[in-house]
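# Results of the structural survey
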Amino acid sequence: MKPLGPIPAGFEPIDGELSIGGRTVGAWVEEAGGTPLFLYSHDLIRRRVDLLRRTMPDRLRIHYAIKANSYRPILELMRALVDGFDIASAGELRMALEAGQNPALISFAGPGKRDEELELAIRHGVTLNLESEGEAHRALDIAEKLGATPRLAIRVNPSFELRGSGMKMGGGAKPFGIDQDRVAQLARSLIATGAEWRGLHIFTGSQALDASAIIETQANVLGLAARLTGEIGSPLPHLNMGGGFGIPYFHGDQPLDVDVVGGALAARIASLPAELSNTELAIELGRYLVGEAGVYLARIVDRKESHGQVFLVTDGGLHHQLAASGNFGTVVRRNYPAAIATRFDAEPVEEANIVGCLCTPLDRLADQALVPRAEVGDLVAIFCAGAYGASASPFTFLGQGPAHEKLV
Ligand SMILES: *Cc1c(COP(=O)(O)O)cnc(C)c1O
C-alpha cells in the first residue's frame, strides 16, 4: 500500500458522491459534456484569496502567476480578486488582455523573450522584468523604434535561494535574472536612457511549505532590494518579492502556516529600511491561489487484474495531469490525493492502481492506493489539479486532445 496525499478542505459528499459548489461531480460531468474534466471551484479560490488578504500585511499586493492556470474564466475571476498578473510569454500576454486585464497591472518575466514579444509588451505598456543585459538592450532598441517609453524592471538572480523549495530558481548559475552584483550598473544605465524605471523582481523558488524558509527568504529579499536601491541611487517604485507558497500534495505534507508568514512580514514592513519606505511590495503566487481549488475527473473504462494487482484504467492520464503522474519535476513518484468520486464516503477495501489510458508505463495516477471497490463507469478524482494540470500537460500526446474545463 502507498499512501495518498491529503484531500484539500472544502470537498464534501452529496448522496455519497464528491460534490463541488453544491452539486455532485457526476452532474457537472454531464453538464460539461463528459470526462476527462477539470472542475475548478470559484468559492475555494475566493476563500483562498480572502485568507491571504486577512493574513498578509495590507501593504502587500498579491499577483497571480498565470502559468499555473490560464483558463479564461479563471483569469477573469483572478483579475477581479488580485492586484496584478505575472506572465511569461506573448501568448500569456494575449490571454491576460483577452481576459480584460489592465496592461499596467501586468509584468512579463521569463528568459528568452523574442523581439516580437518585447515589442508587444512595450506597445501595451506592460512592465518587462529583464532577464539579461542583452535583453535590456534589445528592449531599448525596440522602444526607440516604436517611439515608446518602456516600463522596465530587472529580475535579480540573488545569491541565496528558497530553502526546501520544490524548484529552485535563484542562487548560483541560473538562466533566470541578472546576477545581483551586476544589477545596479544596469539599472543606472536604463534609468539614464529615460526609460520608466519599475524596480526589481526577486524570485527564489516554488512550492515551499516551511514558513521559516519563506520568512528567511523574504528578509533576504528585502535586504538585497534595499542594498541595490542604495547602489542604484534612485527610488525603487516596485519590488516583486517572489512567492514560493506551496500546497500539500503528498502524505505527510503540512500546509504552509500563512499566519506566521504574514505576521513576520508585517513586523519587517513596520521597520523597513529607508530605501524601501515608498516602494510598492508584491508577492506573486500561482499554485497557492488555485491549486487546491481544482479537481481532475476521469471515468474508469476498465477494471483488470495483473499478477494479483488491481488496475483501474481511466479515460484520463498524464496528458492532462503530468504532475500527478510524477513526471513534472519530481524525483520520486508519490501519490497525489485521489478518490473514487462516485463512492466518496465508502469504506476503502482494496488496493488498486489507478492509471491513465496512454500506452506508456509512465501514465500512473495513483499507485497501490487503498480505495473503495470501484467498477467500470465510476469517476476517479485527482485533487490539487487547479494548478499545472491543463496548463502544463502534453494533451496532444497520442492524439488524445484536451480535457474539458469548467469553473463552478
Ligand atoms: C512559476 C513562477 C511563479 C509561480 O510559482 P508557483 O509555485 O505556482 O506559485 C511565480 N513567479 C515566477 C517568476 C515563476 O517562474
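Residue numbers run consecutively from 1 along every chain, following the written order of its sequence. Local features in this predicted model are restricted to residues whose pLDDT is 70 or higher, and side-chain atom pairs enter the listing and the counts only when it is 80 or higher, whereas totals over whole chains, interfaces and linings include all residues. The side-chain values count all of the structure's non-hydrogen atoms but skip hydrogen atoms and water molecules.

- Looking at an unreviewed UniProt entry, one finds the protein chain named Pyridoxal-dependent decarboxylase, exosortase A system-associated, with Croceibacterium selenioxidans as its source organism.
- UniProt positions are given in the numbering used here, feature names are shortened, and annotations may be inferred rather than shown by experiment. The UniProt entry for the protein chain carries the following comment under Cofactor (unreviewed entry): "pyridoxal 5'-phosphate".

### Points about the nonpolar core
- Residues Tyr64, Met78, Leu200, Leu239, Phe245 and Leu289 are the most contacted members of the largest nonpolar core, which totals 129 residues.
- Not counting residues within four places of it along the chain, the set of residues in contact with Phe245 comprises Leu52, Met56, Ala208, Ile214, Gln218, Leu256, Val258, Val261, Ile283, Leu285, Arg287 and Tyr288. To qualify as a nonpolar core, a set must consist of buried Ala, Val, Leu, Ile, Met, Phe, Trp, Tyr and Cys residues joined through side-chain atoms within 4.5 Å. Burial here depends on accessible area, computed with a 1.4 Å probe over protein chains only, as a share of the maximum for the residue type. Under 20% is buried, over 50% is exposed, and the range in between is partly exposed. In this description, contact between two residues means that some pair of their heavy atoms is separated by no more than 4.5 Å.

### Details of empty space enclosed by the protein
- Cavities and pockets were defined on a 1 Å grid built from protein atoms only: a cavity is a group of points that admits a 1.4 Å probe but offers it no way out, a pocket is an open group of points flanked by protein on both sides within 12 Å along at least five of seven lines, and a lining residue is one with an atom within 4 Å of any such point. Grid points are joined across faces, edges and corners, and a volume is the space filled by probe spheres set on the points. Applying the stated criterion across every chain yields a total of 1 cavity of 30 Å³ or more.
- Looking at the largest cavity, its volume works out to about 70 Å³.
- Lining the largest cavity are 13 residues, and of these Thr217, Gln218, Met241, Gly242 and Gly243 lie nearest its centre.
- Only DSSP runs of H or I reaching four residues or more are called helices, and only runs of E reaching two or more are called strands; each is numbered from the N terminus. Per-element tally for the lining of the largest cavity: the top contributor is helix H8 (residues 211-232), with 4 residues.
- Any residue that is not Ala, Val, Leu, Ile, Met, Phe, Trp, Tyr, Cys, Pro, Asp, Glu, Lys or Arg is counted as polar, Gly included; the first ten are nonpolar and the last four charged. For the lining of the largest cavity, the per-class residue count stands at 6 nonpolar, 7 polar and no charged.

### Details of helix H6 (residues 133-146)
- In a helix, the anticipated span is given by 1.5 Å times the number of residues less one. Given a rise of 1.5 Å per residue, 14 residues ought to cover 20 Å, and the 20 Å separating the end C-alpha atoms of H6 matches this to within 8%.
- Here the buried face of H6 lies against helix H5 (115-124), strand S8 (127-130), strand S9 (151-157) and helix H7 (183-192).
- In the analysis that follows, any N or O atom pair within 3.5 Å is treated as a polar contact, provided that within protein one partner can donate a hydrogen and the other can accept it, and provided that, for residues neighboring in sequence, both atoms belong to side chains. Between a side-chain oxygen at the N-terminus of H6 and the backbone nitrogen of Gly134 the separation is 3.3 Å; the capping residue is Ser132.
- Looking at the residues trailing H6, positive phi occurs at Gly147, about 70 degrees.

### A few points about the site of the ligand
- The cutoff for a nearby residue is simple: one of its non-hydrogen atoms must lie within 4 Å of the molecule or strand. Taken together, 12 residues sit near the ligand, with Lys67, Ser206, Gly286, Arg287 and Tyr388 positioned nearest.
- One of the side-chain N or O atoms of Lys67 is found 2.8 Å from an oxygen atom in the ligand.
- Between an oxygen atom of the ligand and a side-chain N or O atom of Ser206, the distance comes to 2.6 Å.
- In isolation the ligand offers 390 Å² of accessible surface; the protein chains occlude 91% of this area.
- Partitioned by chemical class, the residues of the shell around the ligand number 5 nonpolar, 3 polar and 4 charged. Accessible surface area values rest on a Shrake-Rupley calculation with a 1.4 Å probe, where residue burial reflects the displayed protein chains alone.

### Focus on the pattern of salt bridges
- Throughout this description, the term salt bridge denotes a Lys or Arg side-chain nitrogen within 4 Å of a carboxyl oxygen of Asp or Glu. This model, assessed by the stated rule, comprises 24 salt bridges.
- A salt bridge links Glu292 to Arg48; its shortest N-O distance comes to 2.9 Å. Of this pair, Glu292 sits in the loop between helix H10 (287-290) and strand S16 (294-306) while Arg48 is found in helix H2 (residues 42-55), placing the two residues 244 residues apart along the sequence. Per residue, the accessibility class of Glu292 equals that of Arg48, and both read buried.

### Concerning unusual backbone geometry
- Between Thr35 and Pro36 the backbone carries a cis peptide bond, its omega angle lying at -10 degrees.
- Within the secondary structure layout, Pro36 lies in the loop between helix H1 (25-32) and strand S4 (37-40).
- In the Ramachandran plot, Gln207 falls in the positive-phi region, its phi being about 55 degrees despite a non-glycine side chain.
- Gln207 sits in the buried class, given a relative accessible area of 15%.

### Topic: the packing of H5 against H6
- Running from N to C, H5 and H6 point in directions that differ by 55 degrees, and their axes come no closer than 10 Å. Put simply, H5 runs oblique to H6. The chirality of how H5 crosses H6 is right-handed. Residues Asp115, Leu118, Glu119, Ile122 and Arg123 of H5 touch H6, and the partners they reach there are Glu135, Arg138, Ala139, Ile142, Ala143 and Leu146.
- Residues that form the contact of H5 with H6 fall into these classes: 6 nonpolar, no polar and 5 charged. Comment: axis = line fitted to C-alpha atoms, over the contacting stretch for helices; angle = value between 0 and 180 degrees taken between N-to-C directions. Here the angle decides the label: under 35 degrees means roughly parallel, over 145 means roughly antiparallel, 65 to 115 means roughly perpendicular, and every other value means oblique. We call a crossing left-handed when the near helix sits turned anticlockwise from the far one by less than a right angle, and right-handed when that turn is clockwise.

### With respect to the sheet that holds strand S1 (residues 12-14)
- Two strands are said to pair when DSSP picks up at least two bridges between them. Taken together, 3 strands build an open sheet; the order of strands is S1-S2-S3 and the sheet is antiparallel. Edge positions in the sheet fall to S1 and strand S3 (23-24), since each of these pairs with one other strand and no more.
- Bridge count for S1 against strand S2 (residues 17-20) is 3 bridges, and the pairing is antiparallel. Bridging from a neighbouring strand, Pro13 pairs with Leu18 of S2.

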